[in-house]
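Each chain, written out:
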Amino acid sequence: MHSQVVLVLLIFVGACSASRRLGHNYHGCCSSNMRNMEEKVNDLWGQLLFPVNHKSGALYAVCNVRPNPTFPPSSISGSISFRQLSPSKHLEMMMDIQGFTCSGGPHLHGIHVHTYADLKDGCEGAGPHFNPFNVSHPHHPGDFGNFHHDATGHLVKPLRRLLKGTLFGPESFIGRSIVIHEGEDDLGSGGNPGSLLHGNSGRRLACCVIGISATLPS
Ligand SMILES: *[C@@H]1O[C@H](CO)[C@@H](O)[C@H](O)[C@H]1NC(C)=O
Ligand SMILES: [Cu+2]
Ligand SMILES: [Zn+2]
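In short, a report on the structure.

Reading the values: the criteria
Residues numbered from 1 in each chain as written. Chains lettered and ligands numbered in written order. Predicted model: local features only at pLDDT ≥ 70, side-chain atom pairs only at ≥ 80, totals over all residues. Helix = DSSP H or I, 4+ residues; strand = E, 2+ residues; numbered from the N terminus. Buried ≥ 20, exposed ≤ 12 C-beta atoms within 10 Å, placed from the backbone. Contact = placed C-beta atoms within 7 Å. Pairing = 2+ DSSP bridges. Axes fitted to C-alpha atoms, helices over the stretch in contact; angles between N-to-C directions.

All right, on to the overall build of the protein then. A tally of helices and strands in the protein yields 3 helices and 8 strands. Ordered by position from N to C terminus, the α and β elements of the protein give α-α-β-β-β-β-β-β-β-α-β. Residues classed as buried in the protein amount to 29% of the 218 residues present. Taking the contacts inside the protein whose residues are at least 6 apart along the sequence as the reference set, 69% of them involve residues at least 24 apart.

A few words on the sheet that holds strand S2 (residues 77-84). A sheet is described by the order of its strands in space; here 8 strands give the open sequence S5-S4-S7-S8-S1-S2-S3-S6, paired in antiparallel fashion. Strands at the two margins of the open sheet, each flanked by one partner only, are strand S5 (143-147) and strand S6 (155-161). Recorded for the sheet is a direction-independent mean angle of 15° between the axes of neighbouring strands. Here 4 bridges tie strand S4 (residues 109-114) to S5, and the two strands are oriented antiparallel to one another. When the sheet's bridge partners are listed, Ile-111 is paired in S5 with Gly-145.

Next up on the list: the environment of Gln-98. You can see Gln-98 is positioned in strand S3 (residues 92-98). Linking Gln-98 and Thr-152, residues 54 residues apart in sequence, is a C-alpha distance of 8.2 Å. Ignoring anything within four residues of it in the chain, the contact list for Gln-98 reads Ser-77, Gly-78, Gly-153 and His-154.

Moving on to the pairing of strand S1 (residues 59-67). Only one face of S1 is covered, namely the one carrying Leu-59, Ala-61, Cys-63, Val-65 and Pro-67; the face carrying Tyr-60, Val-62, Asn-64 and Arg-66 has none of its residues buried. Sheet topology places S1 next to S2; 7 bridges connect them, and they run antiparallel. Looking at the pairing, Cys-63 lines up with Ile-80 of S2. Bridge analysis of S1 against strand S8 (residues 204-213) gives 6 bridges, and the strand direction is antiparallel. Following the sheet pairing, Tyr-60 is matched in S8 by Ser-213.

Take a look at the structure:
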């Protein structure tokens, strides 16, 4: 299956460069066709680099939230789920997390994708924000922003399209982690170095590993 995909890729690229050499830029490889081809090549490349668990070509992932054992006591639980219908489609995310404590009044919690998923000694093992493009906070692909929970400590967000982030290819979220912070993310406006690294969202309340799932929770 993979060797067939590689062959198709080679034929695409070969036909295109041959046509350009012959000065046939006005057809076959003009910019809109190039864009189309680039999208196809990216899709094929994404599928080569990551196992797709559905005939449809979609990927699903889930992060099952656990309290940070080094920051007790907390009974946070729930899940953050992802769906991406193909490498060129937008990533979608939904959240269902309960067990936030409401002492001190309602406040916002920063939530981000972090680099590592070695959480055996707590959420500190998640390391810094996942930053494959070496940019500053809040422009990391997993900077989801701030979230409120309701008066019962429940945070529910329906499935919605994200502006960035992917489950496919070398910048995939799969195998990374998510950290739910105690405090609010200043979204880069703090005027100090921490603001451009992590948004000063404070201690790590809970975390989880992002792994492939069969589908979205119903
Ligand atoms: C990342 O960016 C910082 C500052 O923007 C720069 O100092 C550093 O060398 C960059 N690292 C890599 C690996 O490109
Ligand atoms: Cu974080
Ligand atoms: Zn960030």
